[in-house]
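This is what each chain is made of:
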Amino acid sequence: MSPILFYIFAAMTLVFAVAVVANRNPVASALSLVVSFLGLAALFVGLDAYFIAVIQVLVYAGAVMVLFLFIIMLLNIQAEERRKINVPAYAAGGLVTVAFIAQLWFVLQKFELGKTAFAPLAEKHVDDVRNVGNTLFSTHNLPFQVIGVLILVATIGVVVLSKRELK
Amino acid sequence: MTLTLNHYLFVSGLLFAIGFAGVMLRRNIIIIFMCLELMLNAANLSLVAFSRFNLVNGLPNYNAQVLVFFIITVAAAEVAVGLAIIVALFRARQTTHVEDINSLKF
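Residues numbered from 1 in each chain as written. Chains lettered and ligands numbered in written order. Predicted model: local features only at pLDDT ≥ 70, side-chain atom pairs only at ≥ 80, totals over all residues. Heavy atoms only, no water.

**What to know about the domain arrangement of chain A**
Residue and element names in this part refer to chain A.
Next up, step 1: What the domain assignment reports for chain A is domain 1 (3–126) and domain 2 (127–167).
Next up, step 2: The C-alpha centroid of domain 2 is placed 24 Å from the C-alpha centroid of domain 1.
Next up, step 3: Across the contact, six residues belong to domain 1 and four residues belong to domain 2.
Next up, step 4: When the two sides are added together, the surface that domain 1 and domain 2 hide from each other amounts to roughly 400 Å², 63% of it contributed by carbon and sulfur.
Next up, step 5: Scanning the region where domain 1 abuts domain 2 turns up zero salt bridges.
Next up, step 6: Run the count over domain 1 and domain 2 and you get three residue pairs in polar contact (both at pLDDT 80 or more). (Domains from an automatic or database assignment. Contact = heavy atoms within 4.5 Å. Buried area = accessible area lost by both parts, 1.4 Å probe. Salt bridge = Lys/Arg side-chain N within 4 Å of Asp/Glu carboxyl O. Polar contact = N/O pair within 3.5 Å; in protein donor to acceptor, adjacent residues only side chain to side chain.)

Okay, structure coming up:
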């Protein structure tokens with residue numbers, strides 16, 4: 001991936017992620033999240049992970065965001081009214097975040113291996129989906145089955161939670 | 001100038017920090033939930049970057065991409081359950097503001 005494209009998509013991802021946090025209106029936040037996920041999918045394409053990029057768009061930008069928007073609409077949430085902000089809590093949250101970013105910066109300065117460029121792939125066009133599928137169904141077959149059970153449990157849980165009366 | 005692994009790791013860390021800041025600073029439970037998704041995606045980005053960096057026979061390490069696939073699946077299940085809980089909570093309390101939901105607070 002050319003550096004210019006990387007910077008464009010990284011900026012897109014980060015700017016709209018900030019918009020998610022900064023927006024007062026939940027609908028605007030949800031739509032910013034879609035754009036942020038699309039930027040992330042573009043970064044995945046740049047890392048030659050085409051399958052993950054497509055899954056990211058389908059599952060996150062598609063299914064998950066429709067669910068979020070549906071719930072926001074269902075609950076009829078308006079833009080938050082301004083409340084008295086809890087100054088110590090805000091200061092602590094901001095401080096921990098800034099400390100995390102500073103720590104990240106210093107760790108990455110010392111991480112020499114990460115300063116080498118990405119090695120080129122053996123082939124120009126990798127058969128991405130087939131390779132991921134092979135790994136998924138051979139090496140990681142048991143976890144895959146377990147994930148199926150997890151989805152079933154989640155579905156039953158959602159149905160139980162959504163019943164009118166919780167006894 | 002060429003792209004290095006550190007570029008991707010820094011973007012991933014910043015994305016995680018933004019999500020974390022959202023969880024700490026926002027008081028709307030739906031926004032907090034969206035910020036959790038941001039943090040999961042930050043982890044995915046560093047996994048994919050490492051997968052591309054550690055080549056196996058000239059191909060990306062697909063174990064990491066399978067792990068990302070699992071994370072996305074679990075995140076989708078988590079969103080479904082979490083939003084069901086939020087709807088149940090809204091029915092009981094008519095609010096999505098976390099400071100109004102404090103029955104379990106010590």
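That covers the picture; the talk isn't over yet.
**As for the packing of aromatic side chains**
Next up, step 1: Summed over all chains, the structure comprises eleven aromatic pairs over all chains.
Next up, step 2: Considering the side-chain rings of F6(A) and Y7(A), the 5.4 Å spacing of their centres and the 70° angle between planes classify their relative orientation as edge-to-face.
Next up, step 3: The exposure class of F6(A) is buried, given its relative accessible area of 1%.
Next up, step 4: Taken together, the ring pairs in this structure connect F6(A), Y7(A), F118(A), Y8(B) and F53(B) into an aromatic cluster. (Phe/Tyr/Trp six-rings, centres within 6.5 Å; stacked < 30°, edge-to-face > 60°. Buried < 20%, exposed > 50% of the residue type's maximum accessible area, 1.4 Å probe, protein only.)

**Details of the environment of F90(B)**
Next up, step 1: Following the sequence through the fold, F90(B) ends up in helix α3 (residues 62–93).
Next up, step 2: The spacing of F90(B) and V66(B) is 24 residues in sequence and 36 Å in space, taken between C-alpha atoms.
Next up, step 3: Excluding its chain neighbours within four sequence positions, the residues that come into contact with F90(B) are L75(A), T95(B) and T96(B). (Helix = DSSP H or I, 4+ residues; strand = E, 2+ residues; numbered from the N terminus.)

**Quick notes on the interface of chain A and chain B**
Next up, step 1: Each side of the interface is counted separately: chain A has 87 residues, and chain B has 72 residues.
Next up, step 2: Taken together, both faces of the contact between chain A and chain B bury some 7300 Å²; the carbon and sulfur share is 77%.
Next up, step 3: For R52(B), the salt bridge is made with D48(A), and the minimal N-O distance between the two is 2.7 Å.
Next up, step 4: Summed over the shared surface of chain A and chain B, the result is 17 residue pairs in polar contact (both at pLDDT 80 or more).
Next up, step 5: Counting residues per element, the ones that place at least two in the side of chain A that touches chain B are α1 (3–22), α2 (26–46), α3 (50–75), α4 (87–110), α5 (128–138) and α6 (141–161) of chain A.
Next up, step 6: Partitioned by chemical class, the residues of the side of chain A that touches chain B number 61 nonpolar, 17 polar and nine charged. (Nonpolar A, V, L, I, M, F, W, Y, C, P; charged D, E, K, R; others polar.)

**Thoughts on the nonpolar core**
Next up, step 1: By size, the foremost hydrophobic cluster in this structure holds 69 residues, and its most contacted members are M65(A), F68(A), L75(A), Y8(B), I30(B), M34(B) and L45(B).
Next up, step 2: Listed by contribution, the elements that provide at least two residues to this core are α1, α2, α3, α4 and α5 of chain A together with α1 (5–25), α2 (29–53) and α3 of chain B.
Next up, step 3: Two domains each provide a minimum of three residues to this core, namely domain 1 (3–126) and domain 2 (127–167) of chain A.
Next up, step 4: Contact partners of F68(A), with chain neighbours within four places excluded, come to I30(B), F33(B), M34(B), E37(B), V79(B) and L83(B). (Core = buried A, V, L, I, M, F, W, Y, C linked by side-chain atoms within 4.5 Å.)

**As for the packing of α4(A) against α1(B)**
Next up, step 1: Relative orientation of the contacting elements α4(A) and α1(B) amounts to 170°, with a least axis distance of 9 Å. Of the possible angle classes, the one that applies to α4(A) and α1(B) is roughly antiparallel. Of α1(B), the residues touching α4(A) (which contributes Y90(A), G93(A), G94(A), V96(A), T97(A), F100(A), I101(A), L104(A), W105(A) and L108(A)) are N6(B), L9(B), F10(B), G13(B), L14(B), F16(B), A17(B), F20(B), A21(B), M24(B) and L25(B).
Next up, step 2: Per-class residue counts for the contact of α4(A) with α1(B) are 16 nonpolar, five polar and no charged. (Axes fitted to C-alpha atoms, helices over the stretch in contact; angles between N-to-C directions. Parallel < 35°, antiparallel > 145°, perpendicular 65-115°, else oblique.)

**As for the pattern of salt bridges**
Next up, step 1: Counted by the stated rule, this structure contains four salt bridges over all chains.
Next up, step 2: The partner of K115(A) in a salt bridge is E112(A), with the nearest N and O atoms 3.4 Å apart.
Next up, step 3: A relative accessible area of 39% means that K115(A) is categorised as partly exposed.
Next up, step 4: Note on E112(A): relative accessible area 53%, which makes it exposed.
Next up, step 5: Between R27(B) and E99(B) there is a salt bridge, with its nearest N and O atoms 3.1 Å apart.

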